[in-house]
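# Examining the three-dimensional arrangement
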Amino acid sequence: MEKRVSKERYLYFLQKMVCFTHSSTLDREKYVELIHEICNEYHLAKGVTEFYTTPMMEKNGEGEIFCDFDNGKAKNVLVNIKVESITKAIICGTIYIEDEVEDHDPEEVEQLNMMLSLILGFMSRRRLVRVLEEFGFYDLDGFRNYRAFARFLDIANAENRLGGMVAFHIDLHNFNMVNREIGRHNGDIVLKRYYNKLSDTIGESGIVTHLGGDKFIGIFERKEKRKVYDIFSGTPIVYDDEKNKRIIVSASAGVFMLPDPYLMNSYGDIMDKIMMAGNTAKRQAAGGIIVYDDRMKMEKEHIKRIQSSFRSGLENEEFAVYYQPKVDIETKKIIGAEALCRWIRNDMIIPPIEFIPVLEMNSDICDLDFYMLDHVCSDIRRWLDEGREVVRVSVNLSRKHLVDVDLLDHIISIIDKYKVPHEYIEMELTETTTDVLFSDLKRVVCGLSSAGIWTAVDDFGVGYSSLTLIRDIPWNVLKVDKSFVPKSHEDENSISNLMFKHVTSLAHDMGLEIVIEGVESIDQLEVLRRNNCNVAQGYFFDRPLPVKDYEMRLINQVYNI
C-alpha cells in the first residue's frame, strides 16, 4: 500500500494547522485553502464538521454544520470522530473518500485523525466563546440582556463616550391585550420585530436590551432622539407577512439625558434615573415620554418616607376615618356616607393624594383598607349601642385585593367581629380592564352580595367602563363621577346629555341605585333632578367630616337645596 503523503509533507500540514488553531483570529480564506490542499493530497472526497449544543439538538439536526471541501463523489467514511463535552455539547468530524480510491495506509489514517482532532478542538473553542457570549449576554428569546447593557456602559465609559447620550427604560403599552388579540406566537413576533426596529434605528453606537416581558432598556446618541422617540410614541409592526397584518406598538418611556461630559461611577447612576422616569411614565394614564429631572429624586425620597412610616402610623392609629355624607336631594336627608382616610401625623393632616398612590404600589393599601373597614364597623357598633341613627357606610377596596382568594372571609370576619348588620356596609370597587381581574371582581362582588353586603362600582365613566361591567356583575350601586355629568348649559340633545340620560335610565331599569360624586354647584344639582338622579355626594353638601362632626350632621340634617 503506497503512501500518498510524505512524512515531511504531513509535518508541514500539521504545523500550519497548529498555527491556525492557536491563533486568536482566523483568516477564513487561507484556512479553506489549507483544507483543500490537505484533501487533494490525501485523495479525500469530503470533510464535514458539526456542532450541537445539546444531545437533543443533535437528534433534531439543529446545530452548526460546516463543509469546506466536497468534490461531489463522497461514498465511504474514512475517519469519524465524535466528542461529548462536560456541558453535553456534541462535536463531530467526518472524512469521506470516493468508492474507487485505494485504501489509505494506517499511518495516513492516524495523521488524518490527528489533524481532524485539531480542527474539532479549534472549532469547539471558537464555538464555546460564542456560546458563552450567547449565555452571558443574550436571554433565552435571543434578546441582548442586562449584562450586555452593563458591558456597553463599561466600554463607553472607559472610552469617555457616554457624555451627551440618552438612556431609556420602556414598557410597551397593553402588551397582554396584544397577546390576547393576535395570539402569543404573533405577540412574540411583534416583540422581536419591535426590538429589531429599535436596534436598527439606534445603530452600533448604542444598544437595546431586554429586561423581561415587554420591558427594555438601552442607550443611544442624542442625534437619533427624534427617530427613537417616534418609535416610542407608536410604530406599526407587521406580524403576518403573507397578509400584511400589522399592529401599532407604543411605549411608556423614562429617559435620562446624560450631561456632557459624563463619568459613570456605577450602573445605578443611570439605572436609578431611567427606572424612576419610566415608573412615572407608566403611572400616567396616557403613558408617553418622561425625562428624568431632580424632582423625581425628591419623589423617590418621598415614597421611601411614606413606606417607612406607614407601619408605625398604622400601629399608632394615626389614620382617621372621615365621613362624607350622601344626600337624597328630594328629601334633603343623609341616606349614606363614604368613609375616607386622613393621615394625621404630628397634628398635621397628610392629604390622601400624598400617600394613597404610594401605598398602592404594593400591598400596604390592602392593610389600610382593612384598617378602615375595622374602624368603620367599630363606629357603627358604637352608634347602634348608643341608639343613634345609622345609615349605610361605603368603604373603598383597592383592586390589589382581587388576587386574595380569602378576601370574602377577611371582609366578613371584620364585620361580624363587631356584630354589624351586613346591610350597613357597602364595599366600593373600581372597574378593571383585564379579563383575569374582571373574573376576580365578579367573584368578589357575587360573594359580597350573597352575604347581604352592598357593593358599588366606583368612578363609573372615568376609565374604560363598559356595559359588560354592569351587565355581568350584580352591583347594588353605580357611582358616577362628576366628569360624566353634562354641563347645565349644554343642549338637551348633546352627546353628553344623551349618554348621561341613557346610562342613568338603564341603571334605574336594572334596579341600581345611582350616586353622583363630586357635586359642587346648584347647576349640577339641577342636571341631576332632570335625570331623576336623587342621590348626590360632594362639597356642595359637605366635605369629608371628622367622626364627631359627622355625628352632629346626622342629628342636625339641614341642607338648603
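Refer to the structure printed above.
First things first, this report covers the structure right here in the doc. (Residues numbered from 1 in each chain as written. Predicted model: local features only at pLDDT ≥ 70, side-chain atom pairs only at ≥ 80, totals over all residues. Heavy atoms only, no water.)

Moving on, we come to the overall build of the protein. Of the regular secondary structure elements, the protein holds 18 helices and 21 strands. Computed over C-alpha atoms, the radius of gyration of the protein comes to 36 Å, more than 25% over the 24 Å expected from 2.2 N^0.38 for 561 residues, which places it beyond the range of a compact globule. Viewed in the frame of its principal axes, the protein has a C-alpha envelope of about 120 × 50 × 50 Å. Counting all 561 residues of the protein, 45% fall into the buried class. In the protein, once contacts between residues fewer than 6 apart in sequence are set aside, the share between residues at least 24 apart is 67%. With an accessible surface of roughly 29000 Å², the protein has 52% of that area assigned to carbon and sulfur atoms. (Helix = DSSP H or I, 4+ residues; strand = E, 2+ residues; numbered from the N terminus. Rg over C-alpha atoms; globule rule 2.2 N^0.38 Å. Buried < 20%, exposed > 50% of the residue type's maximum accessible area, 1.4 Å probe, protein only. Contact = heavy atoms within 4.5 Å. Areas by Shrake-Rupley, 256 points an atom, 1.4 Å probe, with all protein chains shown as cover.)

This part covers the sheet that holds strand 10 (residues 251-257). One open sheet accounts for five strands, arranged 6-7-5-10-11; its pairing is mixed. Because the sheet does not close on itself, it has two edges, and the strands there are strand 6 (207-212) and strand 11 (289-291). The sheet shows a mean angle of 20° between the axes of neighbouring strands, direction not considered. Where strand 5 (residues 166-172) and strand 7 (residues 215-220) come together, six bridges link them in antiparallel fashion. Looking at the pairing, His-169 lines up with Ile-217 of strand 7. On top of the sheet, helix 8 (residues 225-233) reaches strand 5, strand 7, strand 10 and strand 11; it is set at about 155° to strand 10, its chief contact. Helix-sheet contacts for helix 9 (residues 268-283) involve strand 5, strand 7, strand 10 and strand 11, and the interaxial angle to strand 10 is about 145°. (Pairing = 2+ DSSP bridges. Axes fitted to C-alpha atoms, helices over the stretch in contact; angles between N-to-C directions.)

Below, the discussion takes up the environment of Tyr-138. Among the structural elements, Tyr-138 can be located in the loop between helix 4 (106-137) and helix 5 (146-158). Using a relative accessible area of 32% as the deciding quantity, one classes Tyr-138 as partly exposed. Taking the C-alpha atoms as reference points, Tyr-138 and Ala-148, separated by 10 residues in sequence, lie 7.4 Å from one another.

This part is about the packing of aromatic side chains. Taken as a whole and judged by the stated rule, the model has 22 aromatic pairs. Arranged with centres 5.6 Å apart and planes meeting at 55°, the rings of Tyr-12 and Phe-13 form a pair that is tilted. The class for Tyr-12 is partly exposed, based on a relative accessible area of 32%. Here the aromatic cluster, defined as three or more aromatic residues joined through ring pairs, consists of Phe-310, Phe-319, Trp-343, Phe-355 and Tyr-371. Looking at Lys-46, its charged tip hangs above the ring of Tyr-96, at a distance of 5.6 Å from the centre. We note Arg-151 situated over the ring of Phe-137; from NZ or CZ to the ring centre the distance is 3.7 Å. (Phe/Tyr/Trp six-rings, centres within 6.5 Å; stacked < 30°, edge-to-face > 60°. Lys NZ or Arg CZ within 6 Å of the ring centre and 35° of its normal.)

Its 13 residues place the ends of helix 5 18 Å apart at the C-alpha level, agreeing with the 18 Å of an ideal helix rising 1.5 Å per residue. Buried residues of helix 5: Ala-148, Phe-149, Ala-150, Phe-152, Leu-153, Ala-156 and Asn-157, and no others. Measuring from the side-chain oxygen of the N-cap residue of helix 5 to the backbone nitrogen of Arg-147 gives 3.1 Å; that N-cap residue is Asn-145. Note on helix 5: the residue one or two positions beyond its end, Asn-160, has a positive phi of about 60°. (Expected span 1.5 Å × (residues − 1). Polar contact = N/O pair within 3.5 Å; in protein donor to acceptor, adjacent residues only side chain to side chain.)

A few words now on the sheet that holds strand 1 (residues 46-52). Taken together, the four strands give an open sheet; going across it, the order is 2-1-4-3, and neighbouring strands pair in antiparallel fashion. Edge strands, defined here as strands with exactly one partner in the open sheet, are strand 2 (64-70) and strand 3 (76-84). Each strand of the sheet is rotated relative to its neighbour by a mean of 10°, with strand direction disregarded. Relative to strand 4 (residues 90-97), strand 3 runs antiparallel, the two sharing eight bridges. Note that in strand 4 the partner of Glu-84 across the bridge is Ile-90.

On to helix 9, then. Relative to the 22 Å expected for 16 residues at 1.5 Å per residue, helix 9 spans 22 Å between its end C-alpha atoms, a close match to the ideal helical length. Where helix 9 is concerned, the buried positions are Asp-269, Ile-270, Met-271, Ile-274, Met-276, Ala-277, Gly-278, Thr-280 and Ala-281. Where helix 9 is buried, its residues contact helix 5, strand 5, strand 7, strand 10, strand 11 and helix 10 (294-315).

Turning to the nonpolar core, a few remarks are in order. Leu-368, Ile-411, Ile-425, Met-427, Trp-475 and Leu-528 are the most contacted members of the largest nonpolar core, which has 80 residues in total. Ranked by residue count, the leading element in this core is helix 12 (residues 364-385), at 11 residues. Every residue in contact with Met-427, bar those within four places of it in the chain, is listed here: Leu-373, Val-395, Leu-397, Ile-411, Leu-448, Ile-453, Trp-454, Thr-455 and Ala-456. (Core = buried A, V, L, I, M, F, W, Y, C linked by side-chain atoms within 4.5 Å.)

Pairing geometry for strand 6 and strand 7, over five bridges, is antiparallel. Of the residues in strand 7, the one forming a bridge with Val-208 is Gly-218. Between strand 6 and the antiparallel strand that follows it, strand 7, lie two residues; Gly-213 among them carries a positive phi value of about 60°.

Counting across every chain of the model gives 38 salt bridges. Between Arg-28 and Asp-68 there is a salt bridge, with the nearest N and O atoms lying 2.5 Å from each other. Of this pair, Arg-28 sits in helix 2 (residues 28-41) while Asp-68 sits in strand 2, and the two are 40 residues apart along the sequence. Classification of Arg-28 as partly exposed rests on a relative accessible area of 40%. Classification of Asp-68 as buried rests on a relative accessible area of 19%. Among the ionic pairs, Glu-386 bridges to Arg-388, the shortest N-O distance being 2.6 Å. Looking at Glu-386, the relative accessible area reads 44%, which means it is partly exposed. Given a relative accessible area of 33%, Arg-388 falls into the partly exposed group. It is possible to trace a salt-bridge network through shared partners that takes in Lys-326, Glu-338, Arg-392, Glu-426, Glu-428, Lys-479, Glu-513 and Glu-517. (Salt bridge = Lys/Arg side-chain N within 4 Å of Asp/Glu carboxyl O.)

The next subject is the pairing of strand 17 (residues 454-460). Counting buried residues along strand 17, five of its seven residues qualify, which places the element largely inside the surrounding structure. Note that strand 16 (residues 425-430) and strand 17 share five bridges and pair parallel. Paired with Glu-426 across the strands is Trp-454, a residue of strand 17. Note that strand 17 and strand 18 (residues 477-480) share three bridges and pair parallel. Paired with Ala-456 across the two strands is Val-477, which belongs to strand 18.

Function cannot be read off these values alone, since they describe shape.
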